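# Fold and contact review
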Amino acid sequence: MGKTKQDINEYKGYHDVTAGSLIHILRQHGIDTSNVFTFSEKSDLQPDITLNITGKIFDNKDVYLELKRILTSPTSRGKRILLVSDTGTGKSFGLIKMIHELNEKVVTAKSSDSFSNQFAAAYACPRRALINNLKGNFESDGNSTMLTGSDGYSSLERDIIFKQAPSFITTIDHAPRILESKLNEKRRKRKEYKDNEFQGLLITDEIHVLSTDASFKLDTIRDYFISERSFLDMGGVSLFVTATPENLFFSEYDLIIQINQEDHEKPFKEAGYSILSNSTKELKSLFLRMIRFAVETNKDRQLLVFIEDTSWIEDYCQELQQQNINAIGIMAKKESERQEEEITIIDKGNVSGDIQVILSTTVLSSGVSITNNQEKAETWVLCSHNSMNHELTRLIQMSHRFRNKYNAFKIFFQKADAPKQRKAFLYQTFLKEEIKKAVNSKELIKKVRKKPTDFMITLDSMEKQSGLFSDDNGNLHVLTPMIQSNLIRNKTYYNYKNQDVLIRELEQRFQCEFKNLDENMDDNEEEDEEEANAGRIGLSNLSSKEIIKMIIEDKSMYERLKKEYIRYGLSGKNGLIGKLEKNAKNDFMYFIEHGVDYEIVKQVMKCHLKAGKDGKCSYLEHKVASQEVEKIKKAKDASIQVTMYQEVCNRLELAKDKGGKDYI
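Identification of the chain as DEAD/DEAH box helicase family protein from Virgibacillus tibetensis is taken from an unreviewed UniProt entry.

Let us now look at the side chain of Gln-302. Position of Gln-302 relative to the elements: it lies in the loop between α10 (280-296) and β10 (303-306). Separated by 3.4 Å, the side chain of Gln-302 and the backbone oxygen of Ile-355 make a polar contact. The residues contacting Gln-302, other than those within four sequence positions of it, are Val-351, Ile-355, Gln-356, Asn-373, Gln-374, Lys-376, Ala-377, Glu-378 and Phe-402.

This part is about helix α3 (residues 61-72). Here α3 spans 16 Å end to end across 12 residues, near enough to the 16 Å set by a 1.5 Å rise per residue. All of the buried residues in α3 are Val-63, Tyr-64, Leu-67, Lys-68, Ile-70 and Leu-71. Buried residues of α3, viewed axially, fall in a sector of 160 degrees; they line one side.

With that settled, the discussion passes to the packing of helix α21 (residues 582-593) against helix α22 (residues 598-610). The N-to-C vectors of α21 and α22 enclose an angle of 175 degrees; their axes lie 10 Å apart at closest approach. With respect to α22, the axis of α21 lies roughly antiparallel. For the pair α21 and α22, contact is made by Asn-583, Ala-584, Asp-587, Phe-588 and Phe-591 and by Val-601, Val-604, Met-605 and His-608, respectively. Partitioned by chemical class, the residues of the contact of α21 with α22 number six nonpolar, two polar and one charged.

On to the sheet that holds strand β17 (residues 514-516), then. One open sheet accounts for seven strands, arranged β11-β12-β10-β13-β14-β9-β17; its pairing is parallel. The strands lining the two open edges of the sheet, one partner per strand, are β11 (327-330) and β17. The average undirected angle you get between the axes of adjacent strands in this sheet is 20 degrees. By the bridge criterion, eight bridges tie strand β9 (residues 268-276) to strand β14 (residues 406-414) in an arrangement that is parallel.

Attention now moves to the pattern of salt bridges. Tallying each qualifying case throughout the model produces 31 salt bridges. Measuring nitrogen to oxygen at the nearest pair gives 3.2 Å for the salt bridge that ties Lys-491 to Glu-505. Of this pair, Lys-491 sits in helix α16 (residues 480-497) while Glu-505 sits in helix α17 (residues 499-510), placing them 14 residues apart in sequence. Assessed through its relative accessible area of 11%, Lys-491 is described here as buried. In this structure, a network of salt bridges that share partners links the residues Lys-333, Glu-335, Arg-338 and Glu-342.

Cut-offs used in this document
Residues numbered from 1 in each chain as written. Predicted model: local features only at pLDDT ≥ 70, side-chain atom pairs only at ≥ 80, totals over all residues. Heavy atoms only, no water. Helix = DSSP H or I, 4+ residues; strand = E, 2+ residues; numbered from the N terminus. Polar contact = N/O pair within 3.5 Å; in protein donor to acceptor, adjacent residues only side chain to side chain. Contact = heavy atoms within 4.5 Å. Expected span 1.5 Å × (residues − 1). Buried < 20%, exposed > 50% of the residue type's maximum accessible area, 1.4 Å probe, protein only. Arc of directions from axis to C-beta. Axes fitted to C-alpha atoms, helices over the stretch in contact; angles between N-to-C directions. Parallel < 35°, antiparallel > 145°, perpendicular 65-115°, else oblique. Nonpolar A, V, L, I, M, F, W, Y, C, P; charged D, E, K, R; others polar. Pairing = 2+ DSSP bridges. Salt bridge = Lys/Arg side-chain N within 4 Å of Asp/Glu carboxyl O.

Encoded structure:
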């Protein structure tokens, strides 16, 4: 190995070294490089316009006014515009302020000119939770309103709202109906409208979410884009907003605006990851223990934990409540079924002071802001075998739900077998290829339209399978979210198998190190360090009695074993816990599980230290026996146990009365 270091040292400074030279040196010394060097894809955003801010968008008046000028300019009519800016720059707040200003113009014009445009904007969100989070601010001007398909209005009431309100915040599935109503009004009175009049703004917030939602609600997304095309044909401006553009296809936008926050900081102080058990059963109990001990060891620590499996969230909430830990689960459900505390978190972004653990699906991950988190708060994400949480943009979004800088962002992976040979997943390259195929399919669709009876498949199905959709005028467009969703699913599986690649992508995105949390937990970190420790304190061959003695004499050993228990659980096969004698181990596990005071643990461990073959010690067995005696004492039946207990008590009383003589 010394010769290898010498060879590599010759290349220090990188004057002559190349990747090929380094590979050659490593291979000369028998080092396998097949998985060391892999291709990676770099696809940077290339904006048409770049604006710089400090603080929030609305507070930078020159930037805010420039953005407003672009969106309301006659040159932007019929254009698709992408706005990219980091989470925390105030995108939603600034756009809502802009909508309020547009509303004022519409209301003023309406009072003086009955033919004036009565539509300002539609703000479409992919999640109802995000709508609820923005609703208060959106409706604060008295002109804007929230309107979704689940609001319970009759058709007549809905039509009245369509006519009265100039702006709406709504869901992706209900936006087409709002646009249709407004567009029909425009078509009826198009001659009366002025040529230079602003025709309205359609905002699609969190556009990246549509790329994943297309896998299970494709028809909804297709209908949305059909209505968007009709809106563009009428001269409207379509604005797409995101903080995570990594999965988007930039060529489908007419204009890309990037707003850089010069004083932007990552939302957390430190970041890390851990690789947990590959057994789903073990993982479920292990992750619950980790949550428990995180909040029990620091009562001020608040956890936001993202888990995709709703049944786990329900079970965890129940278990944590039983341990007097206030936990709340947030998942997709009807608004009428939500608890008051859930509504407060979603609608107002405030977490009640006594809630220590928030367990959530992706309901909270898209745009919802929690504004009253404490500095010691942490965000955890569980990436299990059946989860889509291995996706980069989803993790980035999850990391930003706490809006005040918090302590740590941690990712927990369920262990997966790494592929024998690594291959880079070139997402943007594949995306371009698939979109090109879809574009080439347009000619085939046009031929089928001429003679549809010559084909077994329907036009609608053929368009979907080709990644296309038709607008109201029959023009074909690429249904990009459908193509993206398929590739994202494949990329997510790739990340699941190549977790280190995902960590590197996150480190590049946040410009910080994600520490391996397992290094602080494992006994076998570095070979030379392990040998040194074993020689210094003799941990490698300790007996059960020796470990028990160390627990009694040193509280830090007790804390060390608690960490081992969090890692290995009841199996206790790894680390020092596995060396404890059975009864001592069972008692010790029980004390950790139930948070028993260290002084009591010491006393019981002293009993185990004295115990021999003929006089074993077991706190749990004595506890069970004591509980059984209490049951017998309270029982009123004539069972053998009760009869014997009563007889023993009677004889003890007789012995006491006769001066201690043995009557038993």
